[in-house]
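Given next are the chains, with one letter for each unit.
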Amino acid sequence: VLIDGEPVIGRTAGTLDLTRFTVGNIEQVEIVKGPTSSLYGSEALAGVINLITRKPQDPFSMSVDGQYGTHGSADFSGEVETVNGRLGLYIFSNLNRSNGYDLNSQIPGPTTPQFKDVTVNPRLTYQLLENVNLETTLRFNREDQEIDRFLQESGTVNKLTSNNVTEDLSWSAKIKHKRNDNSSTLLKVYLSEYSSISKLINQDKFLRDRSIFSQGYKKSELQNDFKFRLNHLLTVGAGYISESVRADRYEGVRQTSSNIFAFAQEQWRPNSRFHFMLSARADIHSDYAAHLSPKLSALIRPDSWLNFRISVGNGF
């Protein structure tokens, strides 16, 4: 799962919580089916979902949207954008909350706990030169969740309160240099931090248990695109990734890893009925052996109502 082409971290037991993403500023969703590890790495073995957010377009606009419902549920969003000459600014914010509810009072604990989710997402674009564009984006998300739990000890049922706070902060910067209509260079830097703190508090307000998990992700990447005759598009690039994780089960030790990668992709579209793609990615990971991830795909349209797709590739 990507946001504006950058990976989202903070999986729990391999699962990504999609409720972390507000949809108020999503402009479109791209879904790439099949193996795409040749461009995006190991986690893209079965496909890619790219959430593309809004960029500043209007000279000036402002909007507010809100809804309120039962159980204290509320969702409020606000956005403002302005474009003045070479400078563009877009700011989006969202608040989503609920007091939770209980569908069965005979079972201890609520059906849905109370929570509060806040997202702030500013984006700045600037045209440095006639053919050089700069774009930087910041995204912050915080979710507070509280749920009552009940623990039976020595025949006595004790009430415990579970508090969970997750924070997700990411920053990206992109500089694109378009030399002409047939070639361009893109430099990207991406930083992301995710943390989750869970506390279990008893009726006497004493801390019963605490669990901490934090993850860091840093990536820099250089990409070049070249267009040739007969509708050929060649993409080549390379980059470096540094990851870190700290959790209670590691006894306070911060685990780190690094990855150097390079990739190439050739697209050929001779006409509207055929589209062929060949790509490969080489990864040199600090924890694994060097690996090559190739891919071959094709799209054939015999008629406007009939499509044949094939995609073959692997990852690690």
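Scroll up to find the structure this text is about.
Residues numbered from 1 in each chain as written. Predicted model: local features only at pLDDT ≥ 70, side-chain atom pairs only at ≥ 80, totals over all residues. Heavy atoms only, no water.

(A) Main features of the environment of A44. Along the chain, the position of A44 falls in the loop between helix 1 (37-40) and strand 4 (47-53). For A44, a relative accessible area of 4% puts it in the buried group. Once you skip the residues sitting within four places of it in the chain, A44 turns out to touch G34, P35, T36 and S37. (Helix = DSSP H or I, 4+ residues; strand = E, 2+ residues; numbered from the N terminus. Buried < 20%, exposed > 50% of the residue type's maximum accessible area, 1.4 Å probe, protein only. Contact = heavy atoms within 4.5 Å.)

(B) Looking closely at the pattern of salt bridges. Under the criterion given, the structure shown has 16 salt bridges. We note a salt bridge from R123 to D4, for which the minimum N-O separation is 2.5 Å. One end of the pair, R123, is in strand 8 (residues 114-129); the other, D4, is in the loop between strand 1 (2-3) and strand 2 (6-7), with 119 residues separating them in the sequence. For R123, a relative accessible area of 2% gives the class buried. Its relative accessible area of 16% is what places D4 among the buried residues. (Salt bridge = Lys/Arg side-chain N within 4 Å of Asp/Glu carboxyl O.)

(C) Here's a closer look at the environment of I284. Position of I284 among the secondary structure elements: in strand 15 (residues 274-285). Residues I284 and A262 lie 22 residues apart in sequence; the distance between their C-alpha atoms is 9.1 Å. With sequence-adjacent residues up to four places away left out, I284 is seen in contact with S258, N259, I260 and A290.

(D) Expanded view of the side chain of R123. Of note is the side chain of R123, whose polar atom sits 3.1 Å from the side chain of T137. Ignoring any residue separated from it by four or fewer positions in sequence, one finds R123 in contact with D4, T53, R54, K55, P56, G88, L89, Y90, E135, T136 and T137. (Polar contact = N/O pair within 3.5 Å; in protein donor to acceptor, adjacent residues only side chain to side chain.)

Taken by themselves, the reported measurements are silent on function.
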